[in-house]
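This is what each chain is made of:
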Amino acid sequence: MKTSEYFGKGSIRRLSMIAEVASSRRILLITGKESFKISGAAKSLELILSSLQVDRFSIGTDFPVLSDVHAGLKVYGEIRPDLVVTVGGARVIDIAKMIRLRSAQEASPEDTASVIGTLLSSRVPLIAIPTTALSGSESTHLAVVFAGNAKFSVAHL
């Protein structure tokens, strides 16, 4: 999968151009409940994404858990996005990666997390916009998710 990085002041303004190049019209925006607004991302993205259909899914848990993946998959299935944008810290980005990955699977989210079976690649692009420093979740192919007391690192994203 081709990966591009944009960084520096004002780089968020490239989002509308990226969506246009990808011919995206329906976006699933995955965010934290409060961090999206507190970080200033909500205000910045309102104008940038105003010409596109945007449906938002907010994650309310403190850790990346499978219940958030299940809830996000329900929203994903209802809207059928052609682009996933995630704004937040590692927890939010990891859940977005899992939702996107899981959307292409026949296996359950639990089996996807524990890597039972073959994982298929999603054709829906993912744009990760970090609002925290040092986690690096936006730059790796791994997603961390908790299933009960077990912690999984899922690759192939």
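See the structure above.
In this text the structure is predicted, and so the values were computed from the model without any measurement. (Residues numbered from 1 in each chain as written. Predicted model: local features only at pLDDT ≥ 70, side-chain atom pairs only at ≥ 80, totals over all residues. Heavy atoms only, no water.)

J.: Please set out the pairing of strand β6 (residues 150-154) residue by residue, giving values where relevant.
T.: Along any regular strand the residues' side chains alternate between the sheet's two faces. Bridging between strand β5 (residues 143-147) and β6 involves five bridges; their strand directions are antiparallel. Counterpart to Val145 in the pairing with β6 is Phe152. (Pairing = 2+ DSSP bridges. Helix = DSSP H or I, 4+ residues; strand = E, 2+ residues; numbered from the N terminus.)

J.: I'd like to hear about the pattern of salt bridges, residue by residue, with values.
T.: Scanning all chains against the criterion turns up one salt bridge. A salt bridge links Arg26 to Asp55; the nearest nitrogen and oxygen atoms lie 3.2 Å apart. In this pair, Arg26 sits in strand β1 (residues 26-32) while Asp55 sits in strand β2 (residues 53-59), placing the two residues 29 residues apart along the sequence. By relative accessible area, Arg26 is classed as partly exposed at 30%. (Salt bridge = Lys/Arg side-chain N within 4 Å of Asp/Glu carboxyl O. Buried < 20%, exposed > 50% of the residue type's maximum accessible area, 1.4 Å probe, protein only.)

J.: Can you tell me about the packing of aromatic side chains, naming the residues and giving the values?
T.: One pass over the structure, following the stated rule, counts one aromatic pair. Ring geometry for Phe63 versus Phe146: centroids 5.8 Å apart, planes at 70°, classification edge-to-face. Note that Phe63 is positioned in the loop between β2 and α4 (66-79) and Phe146 in strand β5, a separation of 83 residues in sequence. Judged by its relative accessible area of 53%, Phe63 falls in the exposed class. With a relative accessible area of 24%, Phe146 lands in the partly exposed category. (Phe/Tyr/Trp six-rings, centres within 6.5 Å; stacked < 30°, edge-to-face > 60°.)

J.: A description of helix α3 (residues 41-48) should follow, citing residues and the corresponding values.
T.: All of the buried residues along α3 are Ala41, Leu45 and Ile48. Down the axis of α3, the smallest arc covering the buried residues is 55°, so these residues share one side. Across α3 from its buried face, at more than 90 degrees, point the exposed residues Lys43, Glu46 and Leu47. Residues of α3 that are buried sit in contact with α1 (15-21), β1, α2 (35-38) and β3 (83-88). (Arc of directions from axis to C-beta. Contact = heavy atoms within 4.5 Å.)

J.: Give me the environment of Val75: which residues, what numbers.
T.: Along the chain, the position of Val75 falls in helix α4. Taking the C-alpha atoms as reference points, Val75 and Arg56, separated by 19 residues in sequence, lie 8.8 Å from one another. Not counting residues within four places of it along the chain, the set of residues in contact with Val75 comprises Leu28 and Phe57.

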